[in-house]
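A structural walkthrough
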Amino acid sequence: MKIELIKGDITKIHADAIVNAANSSLLGGGGVDGAIHRAGGSKILEECRVIRNRQGKCKTGEAVVTTAGSLPAKHVIHTVGPVWNDNPEKSSQLLSECYKNSLLLAESLGVKTIAFPNISTGIYKFPKELAGKIAVNEVRKFSSDIIEKVIFVCFDDENENIYKKLLDQPFKKE
Ligand code: ADP
């Protein structure tokens, strides 16, 4: 899989799927979640409601898919990142699961290109450096015959610099 880094707004990305840093209610929120629902229109929320009625809340680390409404992407994959708290190990594991489960769901949809925001590094206060390491590591160790390109979309300079550095380093398998 090719990995690309873009600084900007994920709602503008032409990819088969964009990932939303949702909350467990799936009913919208602030940050990137708010931006995706605003730009994509009410179809996304309608489908989120259907999912909620079917399965209840979305658990942290899990992922569900909806239409992308009027966005240039085809699908929105909603994953619930962990809130940074006093259990860094558990939070880190859950953040890894967000990336992995989003990639697995994307594969099942035949997605060739997928864009990720910096999950949990906004309102959920996950330290950016650690979140970046987890994101890059999880994507690099995921091998896929279906997904061809993963785009990390950074919204702020700090994340962009962190990702630049991380992606310059060679991948070491643990
Ligand atoms: P969380 O609740 O998971 O922390 P946030 O939406 O608050 O989610 O933040 C996650 C990341 O998304 C942050 O780094 C934030 O700067 C970034 N972000 C906010 N708006 C956008 C956008 N339109 N496109 C891409 N990234 C965004």
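Residues numbered from 1 in each chain as written. Predicted model: local features only at pLDDT ≥ 70, side-chain atom pairs only at ≥ 80, totals over all residues. Heavy atoms only, no water.

Going by what an unreviewed UniProt entry lists, the chain is known as O-acetyl-ADP-ribose deacetylase and is assigned to Chryseobacterium artocarpi.

**Topic: the UniProt feature "domain: Macro" (unreviewed entry) in the chain**
Under the UniProt annotation, the feature "domain: Macro" (unreviewed entry) is placed at residues 1-171. End-to-end, the C-alpha atoms of residues 1-171 are 13 Å apart, and along that stretch the chain is 42% helix and 19% strand. (UniProt positions renumbered as here; feature names shortened; annotations may be inferred. Helix = DSSP H or I, 4+ residues; strand = E, 2+ residues; numbered from the N terminus.)

**Observations regarding the side chain of Asn159**
As for its placement among the helices and strands, Asn159 is situated in helix H5 (residues 157-168). You can call Asn159 buried: its relative accessible area is 0%. A distance of 3.4 Å separates a polar atom in the side chain of Asn159 from a polar atom in the side chain of Thr121. Beyond its immediate sequence surroundings of up to four residues, Asn159 is in contact with Asn118, Thr121, Lys128 and Cys154. (Buried < 20%, exposed > 50% of the residue type's maximum accessible area, 1.4 Å probe, protein only. Polar contact = N/O pair within 3.5 Å; in protein donor to acceptor, adjacent residues only side chain to side chain. Contact = heavy atoms within 4.5 Å.)

**Some remarks on the site of the ligand**
Taken together, the neighbourhood of the ligand is formed by 16 residues, with Val32, Ser120, Thr121, Gly122 and Ile123 sitting nearest. Within the backbone of Ile10, one N or O atom sits 2.9 Å away from a nitrogen atom of the ligand. Measuring from an oxygen atom of the ligand, one finds a backbone N or O atom of Ser120 at 2.9 Å. In the complex, the protein chains occlude 91% of the 560 Å² of accessible area that the ligand would expose alone. Judged by the proximity of its atoms to the pocket grid, the ligand belongs to the largest pocket. Residues that form the shell around the ligand fall into these classes: seven nonpolar, seven polar and two charged. (Near = heavy atom within 4 Å. Areas by Shrake-Rupley, 256 points an atom, 1.4 Å probe, with all protein chains shown as cover. 1 Å grid on protein atoms, 1.4 Å probe; cavity = no way out; pocket = protein on both sides within 12 Å on 5 of 7 lines; lining within 4 Å. Sits in = over half its atoms within 2 Å of the grid points. Nonpolar A, V, L, I, M, F, W, Y, C, P; charged D, E, K, R; others polar.)

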